[in-house]
Amino acid sequence: MKRFLKKCFGFYNLFPCPVCGTGDGGGENRICPECMEKMPLIPGDHCTGCGGSLDSMLARCSKCLESADFPWQDAFSLFEYRGEARDLIHRMKYYGQAQLARTFGILLAEKLAAEAPEFDLILPLPLFWVRKLERSYNQSELLAKVIGKELAVPVGNDLKRIKGGKHQASLGRRQRQIGARGVFAVKHPEKLYGKRILLVDDVFTTGATLNSAAKVLMKANVKALYVATIARTQRWRDR
Ligand SMILES: [Zn+2]
Ligand SMILES: [Zn+2]
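Residues numbered from 1 in each chain as written. Chains lettered and ligands numbered in written order. Predicted model: local features only at pLDDT ≥ 70, side-chain atom pairs only at ≥ 80, totals over all residues.

**Brief notes about the overall build of the protein chain**
Turning to step 1, where the next piece is worked out: A tally of regular secondary structure across the protein chain gives ten helices and six strands.
Turning to step 2, where the next piece is worked out: By the burial criterion, 39% of the 239 residues in the protein chain qualify as buried.
Turning to step 3, where the next piece is worked out: For the protein chain, long-range pairs separated by at least 24 residues make up 71% of all intrachain contacts whose partners lie at least 6 apart in sequence. (Helix = DSSP H or I, 4+ residues; strand = E, 2+ residues; numbered from the N terminus. Buried ≥ 20, exposed ≤ 12 C-beta atoms within 10 Å, placed from the backbone. Contact = placed C-beta atoms within 7 Å.)

In structure tokens form, the structure reads like this:
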């Protein structure tokens, strides 16, 4: 009955849950507790390279140890990239629902506050300018701003995208790695010296794009690097 009434009077709810459209979004477009239970959450204990599940007592999964050289200390992701999590990300990226950046940003901020060490600066992965014109906003930038506000950490724009490249979604793993080389540059490397930086992007697929950005930050002698994404593809290792 309660559910039926909620459905009938859903239009009174100004900030409904973005998944079911009727549940209580707590005044902030939050995912309601019932829907949250069905989301493919990644547990706190995860591989510090790809943010996925561990397969031994080591901090990185065997695939990361074998074939990835991610220079960051840890990688945090909220969801596996499937089901409702994937749908919500698509709505945010391709259907103009920028307000979902707030939904995810708050959740990521909560996860980082509970699990990550402190950091001094947040850097979103920039979009190539043509892509930004197409989409009118950069979802990673919006996400970074929400996280920064929630955790009272400044958000910088020191990363610059110098190359466009094809849509990553259409490329295989090897192509992504090659394509991601030389994509980013740092505007004022001296400003980043000795800083602990959180890199923010929407989806962790092979990690190639994040790695390309991380490499230029390492050259600027940052002290520590962390990565935060909304979701990670489950089987990036098979691509
Ligand atoms: Zn809901
Ligand atoms: Zn891993």
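So that's the structure; there's more coming.
**Examining the environment of K163**
Turning to step 1, where the next piece is worked out: Of note, K163 is situated in the loop between β3 (159–161) and α8 (173–179).
Turning to step 2, where the next piece is worked out: Residue classification places K163 among the partly exposed positions, given that 13 C-beta atoms sit within 10 Å.
Turning to step 3, where the next piece is worked out: For the pair formed by K163 and A185, sequence separation is 22 residues and the distance between their alpha carbons is 9.6 Å.
Turning to step 4, where the next piece is worked out: If we skip the residues at most four places from it in the chain, K163 touches F128, G182 and V183.

**Details of the environment of L107**
Turning to step 1, where the next piece is worked out: Its place among the elements puts L107 in helix α5 (residues 100–115).
Turning to step 2, where the next piece is worked out: The spatial distance from the C-alpha of L107 to the C-alpha of I230 is 8.9 Å, given a sequence separation of 123 residues.

**Here's the deal with the environment of C17**
Turning to step 1, where the next piece is worked out: Inspection of the secondary structure puts C17 in the loop between α1 (2–8) and α2 (33–38).
Turning to step 2, where the next piece is worked out: C-beta crowding within 10 Å serves as the criterion here: with 21 such atoms nearby, C17 is assigned to the buried category.
Turning to step 3, where the next piece is worked out: Separated by 14 residues in the primary sequence, C17 and I31 place their C-alpha atoms 4.7 Å from one another.
Turning to step 4, where the next piece is worked out: When neighbours within four sequence positions are excluded, C17 is seen to be in contact with T22, G23, D24, G25, R30, I31, C32 and C35.

**Remarks on the nonpolar core**
Turning to step 1, where the next piece is worked out: Core analysis: the biggest nonpolar cluster contains 56 residues, and L108, L143, I197, L199, V200 and A213 have the highest contact counts within it.
Turning to step 2, where the next piece is worked out: Sorting the residues of this core by element identifies β1 (74–80), α4 (83–94), α5, β2 (121–124), α7 (139–151), β5 (196–204), α10 (208–219) and β6 (224–232) as the ones contributing at least two each.
Turning to step 3, where the next piece is worked out: Viewed by domain, this core spans two of them, domain 1 (1–38) and domain 2 (45–55 + 71–238), each represented by three or more residues.
Turning to step 4, where the next piece is worked out: The contact partners of V200, leaving out residues within four places of it in the chain, are I122, L123, P124, L125, S140, L143, A144, I147 and A228. (Core = buried A, V, L, I, M, F, W, Y, C linked by C-beta atoms within 7 Å. Domains from an automatic or database assignment.)

**Digging into the confidence of the model for the protein chain**
Turning to step 1, where the next piece is worked out: Residue-level pLDDT values for the protein chain average 85, and 85% of them are 70 or greater.
Turning to step 2, where the next piece is worked out: Per-element confidence in the protein chain is highest for β2, whose mean pLDDT is 98, and lowest for α1, whose mean pLDDT is 53. (pLDDT = per-residue confidence, 0-100.)

**Digging into the pairing of β5**
Turning to step 1, where the next piece is worked out: In terms of burial, β5 is a largely internal element, eight of the nine residues being buried.
Turning to step 2, where the next piece is worked out: Summarising the sheet, β2 and β5 pair through four bridges and their orientation is parallel. Note on β5: the bridge partner recorded for L121 is I197.
Turning to step 3, where the next piece is worked out: Pairing between β5 and β6: eight bridges, direction parallel. The residue of β6 that forms the bridge with L199 is V227.
Turning to step 4, where the next piece is worked out: Running through α10, the crossover from β5 to the neighbouring parallel element β6 is right-handed. (Pairing = 2+ DSSP bridges. Right-handed = clockwise from strand over helix to strand, strands pointing away.)

**Regarding unusual backbone geometry**
Turning to step 1, where the next piece is worked out: The phi angle at A152 is positive, at roughly 55°, despite the residue not being glycine.
Turning to step 2, where the next piece is worked out: As for its position among the elements, A152 is in the loop between α7 and β3.

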